[in-house]
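Geometric and topological summary
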Amino acid sequence: MVSLLRNQKVRNALLQALYVGSLAATVLACVMIARRNLAEQGITSGFDFLFKSTGWDVNFSLLPATANDPNWWFFLIGIVNTLFLGTTGLVLATIVGTIVGLARTSSNELARLLGRTYVDIFRNIPLILQVFFWYALITHLPTPRAAHEAFGMLLTSRGLYVPVPNVGGTALAAAMLAVIAAIAFPVWLGRTPRLNQPFGERSTIQLASAAGALACAAILLAVGRLPDLPLLDFPALQGLNLKGGLRIPPEFSALAGAIAIYGGSYIAEIVRGGFKAVGKGQMEAALSLGLSPWRVFTQVRLPLALRAMLPILANQYVWLMKATTMGIAVGFTDFFMIVALTINHSGQTLEVIGILMAGFLAINLSLAAVFNRINKAIALKGNQLRG
Amino acid sequence: MEIVVVAPPAPGRLEDLKRRFFATPLQTLLSLISLTIMALIVWKLLDWAVFSAVFTTTGGPEACQAAAGACWSVIAARWRIILFGLYPFEEQWRSALACVSVVVMTVLSCMPAFWTGRRIALVWGAGTGLYYVLMKGGVLGLPYVGEEAWGGLALTLFIFVTTCLIGFPLAICLALLRRSDLPWISRTTGLIIDGVRSLPLISILFTFAVVLPFALPQWLQGDKLYRVILGSALFFSAYQAEIVRGGMQGVPAGQEEAAMALGMSYWQRIGRILLPQAMRNALPATINQFVISFKETSLVVIVGFFEILASGNAAYGTGEWRFAYVEVYAFIAFIYFVFVFSLSRYGAYLERRMAVGER
Amino acid sequence: MDSTLPSGPAVHIEGLDKHYGSFHALRKINLSVDRGEKIVICGPSGSGKSTLIRCINRLEQHDGGRIAVLGTELNDDVGNIDGIGREVGMVFQHFNLFPHMTVLENCMIAPVIVRKRPRAEAETTARRFLEKVRIPEQAMKFPSQLSGGQQQRVAIARALCMQPQIMLFDEPTSTLDPEMIAEVLDVMVTLASEGMTMICVTHEMGFARRVADRVIFMDAGEIVEEAPPEAFFTSSRNERTRQFLSQVLGH
């Protein structure tokens, strides 16, 4: 026995079995205890609760929602809300980050100073504090009766009211798709060299197809327009309340705004790092070939910098997506808040925690998959060295 | 096209200014835009925060609300609740001293003289111990104050420090387990690390605060505060473990072989050869992780702790200071900024110094 | 299983086999090294000579055959393996000095923490061996402040401080500039003259001629030839050996 314990291979096998076994035993014990405790409270484990109605309501949803809807539908609402908030925050943060990052790399000292001040301030204050701040700021805005007005939008303590087109839902969705196509198709065309040979000049086709898609969108909007109403529905005061337009709730604007500002400061640093990674030699080579500064930027610096920053950017996007869970701080029904509320109401703790983990795993994995695709595409493009 | 002047004839002040900011039309435009933005912000900010602001409490909230600028009186009236929460008023000097001990501890651990495993452990052990004794009392004639009465900045610092204190050794353990030669150990650990990293911190805090009591026997549950600290330490360690592992990968394999050839045991090799070098490699990333972790400490407000954000909300939320939320948030933001900015500047300085050292 | 072999030879290797995945690194190696004997192993790169000596102090684990060092068989028995590092010293191609310690600390750490010697005694020993490798004045410097030749001499001193019975050298001079090779080889010659058991992987044929009791030529994981230096250099009949020698000595 003693000599067996002195054997390296036996030791290794024992160690591994002990490690994995004790972890598994801990998890198992926790689950058993939890099931017993929950059973004592009259909660039976299982996923039946998913199909029961929730009995409570959400304050923000892109999908139709009532208190009679089943729990699984609410989880879906939560995921859609998270993705919507995340994507909005992500896009805004990227815009902010790109502008600030470019300012930080610019040759102008004042612009650099401005960019640096921005990054130093907003990066060093916790995101949740910024969320609280913007939320407090918005909810302390004047009531609808004394709303601030700008460009047809109304700023009130109950949210931001923006004009919306008076167009049927299907037509609006189709028009949006057409607009996306108007942007995506020319881009795709530009990246597919073999296709454009038989049709002549690439830029002509790109322009033509974009214009065609936009025209489509315009026709769709005109056709789908609701009868007897102006094309745009402006929010306006009626009695004590605001009617018309689209209300963006303060929770959403505070979160999206804070994520944009905070995330922007991080993305600005990534952008700056990306441009710093582009060697001076490549730029000088391009300049010496007689390319204009603009073409050097768009065709040499930008593509190279983009490739350098993409992997870090991917991590940052995953982080921003996870930051949407701060919704619970101001009462925005994101996926995590739905999870917390479901636990409170149904008591199905273990199952719901399982769903929470699965949900975030799915979000993370799909984001990673998307970025891997982009990474590959860009790497290919870099090899071909085209415009 | 830009015209590059070779060796300009000793520019005067004006020419220098012109060259730096107004060399081309684009530059001029950029400079003017930047200047306008800066002037506007600086002026508005100064006007709000200084010129039109009220600093004294003499007028009370009413006079303050009437002022055009900031109402700093709210800070003067409520700073104690923001910094110390609901800690007994006449004992708050202990809370202040406890905060000081944590700050001193942090400053000490930024000095290279303390960068050995034993010394850093000593500094952190002593700092945290001092904090705990001061806050909790019950000894040396200090009246007892339970954790439920801790709050404000003091609680924030406590959660941060204990998170690091538990999370750091845990991170090293996880990193060692993940690079183990034994496949089942490294794979299982990898699964744990990646799993924790894929979850948002809030969900982990929530699980530890609210769900865990269901899954633990009564005698293991402990105080909610310590459960949340454990959760936050777990999250910290999952990230820090990857940083430590990166640092270990930077140590050449020959180092461990040499140690092995000298007859050192596994723990001697890890403790004397691998970790000292790995930690040095990982230092800038580690400080960055500390910075992130300090900012994320603020999330415990969501699971119901009276840390600095919650105490800030309370400071303006009740009664006559309801209007002064911007000032309160600005004050808290400033506190965070001081901590986080100095720590991240220090990290950047270290990174530069180490980059030079490599050359 | 009987884990002790007759305590005669310093190293006794029988039918040694070693694979890296599908690559057969060592094939049926038989070698016996007596106490006090000096062996030089040479051969083209990838011939398995480094792997062989790394098996002797268990930096690599063999998959077939037996190795006994100082009468103790190297197998899965944890107790046997622990002792080996103390009795077998090794000098590496890339020195592998610990960069975060001074020269003196490099030499003291193993005696203090492995052999549990008092610090004062370990320091005296370390200084004695630094003297022996002729760099006593560098004791307080860090490895990065020394030249390659100096670093390698520190590495030799570090290994000697454990007072091993066998020294292994894994191409100790192959990364050094010519003028530094001599200073390292000088130290090795001195060491040999004092009766240390040495197994050296090296291409320094002058050193082999001067010091070695036997020269071993390896190729493709096998011992191709084994002979006293004089016979090895002058009258080798093996084609592969002759070709290798002409390449090494040719210029």
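Above this note sits the structure.
Let me begin by describing the structure that accompanies this report. No experiment lies behind these values; they were computed from the predicted model shown. (Residues numbered from 1 in each chain as written. Chains lettered and ligands numbered in written order. Predicted model: local features only at pLDDT ≥ 70, side-chain atom pairs only at ≥ 80, totals over all residues. Heavy atoms only, no water.)

**Let's talk about the overall build of chain C**
Filter applied, for reference: By the criteria applied, helices consist of DSSP H or I runs no shorter than four residues and strands consist of E runs no shorter than two, each listed in order from the N terminus. For the radius of gyration, the atoms used are the C-alpha atoms, and the globule rule reads 2.2 Å times the number of residues raised to 0.38. Here a residue-residue contact requires only that any non-hydrogen atoms of the pair lie within 4.5 Å. In short, Shrake-Rupley with a 1.4 Å probe defines the accessible areas, and a residue's cover is counted only from the protein chains shown. Charge counting follows a simple rule: Lys and Arg are positive, Asp and Glu are negative, and His as well as the terminal groups are ignored. To locate a charge, take atom NZ for lysine, CZ for arginine, CG for aspartate or CD for glutamate.
A tally of helices and strands in chain C yields 9 helices and 10 strands. For chain C, the C-alpha radius of gyration of 18 Å lies close to 18 Å, the compact-globule estimate for 251 residues. Dimensions along the principal axes, computed over C-alpha positions, put chain C at roughly 50 × 50 × 35 Å. Across chain C, contacts joining residues at least 24 apart in sequence account for 67% of those joining residues at least 6 apart. Looking at chain C as shown, the accessible area adds up to about 10,400 Å², and 49% of this sits on carbon and sulfur atoms. Distance between charge centroids for chain C: 3 Å, based on 27 positive and 32 negative side chains.

**Overview of the overall build of chain B**
Here is the rule: To sort residues, take the accessible area from a 1.4 Å probe on protein chains only and compare it with the maximum for the residue type: under 20% means buried, over 50% means exposed, and anything in between is partly exposed.
Summing up its helical and strand segments, chain B has 15 helices and 0 strands in all. Here the C-alpha atoms of chain B give a radius of gyration of 26 Å, more than 25% beyond the 21 Å that 2.2 N^0.38 yields for 359 residues. With the C-alpha coordinates of chain B rotated into their principal frame, the extents come out at 70 × 70 × 40 Å. Burial analysis of chain B (359 residues in total) assigns 49% to the buried set. Pairs at least 24 residues apart make up 67% of the contacts formed inside chain B by residues separated by at least 6 positions. Summed over all atoms, the accessible surface of chain B reaches about 17,700 Å², with 69% contributed by carbon and sulfur. In chain B, the 27 positive side-chain charges and the 21 negative ones have mean positions that sit 6 Å from each other.

**Considerations on the sheet that holds strand β8 (residues 246-248) of chain A**
All names here are of chain A. So the rule is basically this: For two strands to count as paired, DSSP must find a minimum of two bridges between them. Think of each axis as a best-fit line through the C-alpha atoms, taken over the contacting stretch in the case of a helix, with angles from 0 to 180 degrees between the N-to-C directions.
An order of β1-β2-β3-β8 is seen for the 4 strands of this open sheet, with the pairing classed as antiparallel. Strands with a single pairing partner mark the edges of an open sheet, and in this sheet they are β1 (148-150) and β8. Averaged over all pairs of adjacent strands, the angle between their axes in this sheet comes to 20°, without regard to strand direction.

**A few points about the pattern of salt bridges**
Basically, it comes down to this: Here a salt bridge means any side-chain nitrogen of Lys or Arg lying within 4 Å of a carboxyl oxygen belonging to Asp or Glu.
According to the stated counting rule, one finds 22 salt bridges over all chains in the structure shown. Ionic pairing is found between Arg214 of chain C and Glu226 of chain C, a salt bridge with its closest N-O pair at 2.4 Å. One end of the pair, Arg214 of chain C, is in strand β9 (residues 214-219); the other, Glu226 of chain C, is in strand β10 (residues 222-227), with 12 residues separating them in the sequence. Given a relative accessible area of 15%, Arg214 of chain C falls into the buried group. Residues joined by salt bridges that share partners form a network here, namely Arg178, Asp194, Glu242 and Arg245 of chain B.

**What about the interface of chain B and chain A?**
Which entries qualify depends on this criterion: Once two parts are put together, the accessible area they lose, assessed with a 1.4 Å probe and summed over both, is termed the buried area.
Between chain B and chain A, the residue contacts involve 55 residues of the former and 52 residues of the latter. Carbon and sulfur atoms make up 72% of the area that chain B and chain A hide from each other, which totals about 4,700 Å². When the area that chain B buries against chain A is broken down by residue, the three leading residues are Phe214, Lys295 and Tyr325 of chain B, summing to 14%. Here chain B is connected to chain A by 0 salt bridges.

**Points about the packing of aromatic side chains**
Each aromatic ring pair is summarised here by two numbers: the centre-to-centre distance and the angle between the ring planes. Inclusion rule: Any two rings among Phe, Tyr and Trp, with Trp reduced to its six-membered ring, count as a pair given centres within 6.5 Å; such a pair is stacked if its planes are under 30 degrees apart, edge-to-face if over 60, and tilted if neither. For a Lys NZ or an Arg CZ to count as sitting over a ring, it must be within 6 Å of the ring centre and within 35 degrees of the ring normal.
The full count for this structure, using the stated rule, is 32 aromatic pairs over all chains. Ring geometry for Phe335 of chain A against Phe360 of chain A: centres 5.9 Å apart, planes inclined by 50°, an arrangement best described as tilted. Note that Phe335 of chain A is positioned in helix α12 (residues 335-346) and Phe360 of chain A in helix α13 (residues 349-384), a separation of 25 residues in sequence. For Phe335 of chain A, a relative accessible area of 1% gives the class buried. Given a relative accessible area of 1%, Phe360 of chain A falls into the buried group. Aromatic ring contacts, followed pair by pair, group Trp124, Phe160, Phe168, Phe236, Phe290, Phe294, Tyr336 and Phe339 of chain B into a single cluster. Above the ring of Phe98 of chain C, the side-chain terminus of Arg158 of chain C is found at 4.5 Å from the ring centroid. Of note, Arg209 of chain C hangs over the ring of Phe233 of chain C, and the distance from its end group to the ring centre comes to 4.6 Å.

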